[in-house]
Amino acid sequence: MTHPFLDLAPLSAARFATVADRVARLLRTRNDVVITQGEALLPLEGAIRGCAGPETVALNVITGPYGQTFGDWLRDCGATVHDLAVPFHTAVTAGQIREALAEHPEIDFVSLVHAEAATGNTNPVAEIGEVVREHGALFYLDAVASVGAEPVLTDAWGVDLCVIGAQKALGGPAGVSAVSVSERAWARMAANPRAPRRSYLSLLDWKERWIDRGRTALLHAPAQLEMLALDACVERVEHEGLEALMARHAAAAAATRAGAVALGGGLEPYVHDAKDAAPVATTLRTPAGVVASELVARALAADPALPLAAGGGALAAEMIRVNHYGRDATPGAVQGSLAALGSALAERGVEVDLARALRAAAAAWK
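Residues numbered from 1 in each chain as written. Predicted model: local features only at pLDDT ≥ 70, side-chain atom pairs only at ≥ 80, totals over all residues. Heavy atoms only, no water.

1. Remarks on the overall build of the chain
Part 1 of the argument: Regarding its fold elements, the chain presents 12 helices and 13 strands.
Part 2 of the argument: Taken over the C-alpha trace, the chain has a radius of gyration of 21 Å; the compact-globule value for 366 residues is 21 Å, and the two agree within 12%.
Part 3 of the argument: Projected onto its principal axes, the C-alpha positions of the chain cover 65 × 65 × 30 Å.
Part 4 of the argument: The buried share among the 366 residues of the chain stands at 55%.
Part 5 of the argument: When contacts within the chain are restricted to residue pairs at least 6 apart in sequence, those whose partners lie at least 24 apart make up 70%.
Part 6 of the argument: Carbon and sulfur atoms form 54% of the exposed surface of the chain, whose accessible area is close to 15,100 Å².
Part 7 of the argument: Counting 31 positive and 41 negative side-chain charges, the chain places the centres of these two groups 3 Å from one another. (Helix = DSSP H or I, 4+ residues; strand = E, 2+ residues; numbered from the N terminus. Rg over C-alpha atoms; globule rule 2.2 N^0.38 Å. Buried < 20%, exposed > 50% of the residue type's maximum accessible area, 1.4 Å probe, protein only. Contact = heavy atoms within 4.5 Å. Areas by Shrake-Rupley, 256 points an atom, 1.4 Å probe, with all protein chains shown as cover. Lys, Arg positive; Asp, Glu negative; His and termini not counted. Charge placed at Lys NZ, Arg CZ, Asp CG, Glu CD.)

The structure is reproduced here in structure tokens:
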């Protein structure tokens, strides 16, 4: 028995390097790019463990659950961590970053999530990057949810470690990810005796055994199907055009937000200010007495393929996520989600105006 997924020729080192170069162009970076063979948590953790140790003093920005995770990893490395937490319905500002750095001038590492798909907010990385660069700290950015949905200008923003995954706005696989690494970040890892080596978490292994040797021999057998899917994913982005892809996500976010407001019934945007809302996903707060997870379950009963989910953890009671990213950044996905939520609310006896919601969504799609 043969199968096109099972009988492929081995992936060559040259093909692997070509995929990395394509990702580098996507990230607008001249830094080294390492394609990591796992979901984005792999390079996210690997980058922190590579750079952080007992001598590290970190500013960890928390605008959602991933920021909390980064703080845990930093502390586990022995770093001194100053958390800057803001309400999940907003975004951090460059001014807040500047104040935190002035209060703790010894900070030499700043960790930030660009867009928090879990809470629906996005942070102004261009302005924050300027502040971090002036201070001289190493800048670590989680751009997993933002890449493809909004600009990610790694070098222009002074990002030393920029981690992405392909499974959201890029519409690609979840089992492969990437990180761009600046010379400053490589130097920090090389000087860190606690940096993982001979480990799946080790970025230094890729530096020393892959990049420094001319990218001619892979460290281990690559995740072939995921690598081919990532290559196809980036090729599709190139074909559509990155600007067009980002415009499609911005339109989906604007349409979802406008439609939810027009729907009525007490449903409202979770992120208060539209400028703080991520284009990759729109989060909505349910009206009093309506449990978000139950409303989502009712909405999905009619169409399980809709990009709807309840918030995670405690947010499952009050937050709905419309995940309009990748293939779901379309008018049809937005309208279908609004219709399903409207019907689910109506079944509970809540008064909604679905026709007005759909008109508002259509008018906002630009």
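Picking up where we left off.
2. Describing the pairing of strand β9 (residues 177-181)
Part 1 of the argument: Burial of β9 is extensive: 5 of the 5 residues sit out of reach of the surface.
Part 2 of the argument: Of the two faces of β9, the one holding Ser177, Val179 and Val181 and the one holding Ala178 and Ser180 are both buried throughout.
Part 3 of the argument: Inspection of the sheet shows strand β1 (residues 32-36) paired to β9 by 5 bridges, in the antiparallel sense. Among the inter-strand pairings, valine 34 is bridged to a residue of β9, identified as valine 179.
Part 4 of the argument: Of the strand pairs in this sheet, strand β8 (residues 161-165) and β9 are connected by 5 bridges, and their pairing is antiparallel. (Pairing = 2+ DSSP bridges.)

3. Here's the deal with the sheet that holds strand β13 (residues 319-322)
Part 1 of the argument: Spatial ordering of the open sheet is given by β10-β11-β13-β12, a layout of 4 strands whose pairing is antiparallel. Of all the strands in the sheet, just β10 (268-269) and β12 (308-310) have a single pairing partner and so form its edges.
Part 2 of the argument: Inspection of the sheet shows β12 paired to β13 by 3 bridges, in the antiparallel sense. Bridging from a neighbouring strand, leucine 308 pairs with valine 322 of β13.
Part 3 of the argument: The strands touched by helix α10 (residues 292-302) within the sheet are β12 and β13, with β12 carrying the most contacts at an inclination of about 155°. (Axes fitted to C-alpha atoms, helices over the stretch in contact; angles between N-to-C directions.)

4. Concerning unusual backbone geometry
Part 1 of the argument: Positive phi values are uncommon outside glycine, yet arginine 28 reaches one of about 55°.
Part 2 of the argument: Structurally, arginine 28 can be placed in the loop between α1 (13-26) and β1.
Part 3 of the argument: A positive phi angle is found at arginine 215, which is not glycine, with a value near 55°.

5. Notes on the packing of aromatic side chains
Part 1 of the argument: The full count for this structure, using the stated rule, is 6 aromatic pairs.
Part 2 of the argument: Judged by centre distance (6.3 Å) and plane angle (85°), the ring pair of tryptophan 206 and tryptophan 210 falls under edge-to-face. With tryptophan 206 and tryptophan 210 both in helix α7 (residues 203-211) and 4 residues apart, the pair spans about one turn of that helix. Pair check on accessibility: tryptophan 206 and tryptophan 210 agree, each one buried.
Part 3 of the argument: Members of the aromatic cluster, each reached through a chain of ring pairs, are Phe70, Trp73, Phe109 and Tyr140. (Phe/Tyr/Trp six-rings, centres within 6.5 Å; stacked < 30°, edge-to-face > 60°.)

6. Some thoughts on the sheet that holds strand β7 (residues 138-142)
Part 1 of the argument: Strand order in the open sheet formed by 7 strands is β1-β9-β8-β7-β4-β2-β3, and the pairing between neighbours is mixed. What marks the edges here is a single partner per strand, and that holds for β1 and β3 (80-85). Pairs of neighbouring strands in the sheet enclose a mean axial angle of 15°, with direction left out of account.
Part 2 of the argument: Helix α2 (residues 41-51) rests against β1, β4 (109-113), β7, β8 and β9 of the sheet, and its axis sits at about 165° to β7.

7. Quick word on the pattern of salt bridges
Part 1 of the argument: Taken as a whole and assessed by the stated rule, the structure comprises 16 salt bridges.
Part 2 of the argument: Residue glutamate 318 is joined to arginine 285 by a salt bridge in which the shortest nitrogen-to-oxygen separation is 3.2 Å. Placement of glutamate 318 in the loop between β12 and β13 and of arginine 285 in strand β11 (residues 282-285) is noted, with a sequence separation of 33 residues between them.
Part 3 of the argument: If you follow the salt bridges from partner to partner, you end up with Arg15, Arg22, Asp231 and Glu238 in one network. (Salt bridge = Lys/Arg side-chain N within 4 Å of Asp/Glu carboxyl O.)

8. Quick word on the environment of glutamate 235
Part 1 of the argument: The residue glutamate 235 is located in helix α8 (residues 224-240) in this model.
Part 2 of the argument: Separated by 216 residues in the primary sequence, glutamate 235 and valine 19 have C-alpha atoms spaced 9.7 Å apart.

9. As for the state of the cysteines
Part 1 of the argument: Per the stated rule, a full pass over the model turns up 0 disulfides.
Part 2 of the argument: Residue cysteine 77 stays outside any disulfide, its sulfur separated by 9.6 Å from that of cysteine 51, the closest cysteine.
Part 3 of the argument: Take cysteine 162: it sits in no disulfide, and the sulfur closest to it among the cysteines is that of cysteine 51, at 14 Å.
Part 4 of the argument: By relative accessible area, cysteine 162 is classed as buried at 0%. (Disulfide = S-S within 2.5 Å.)

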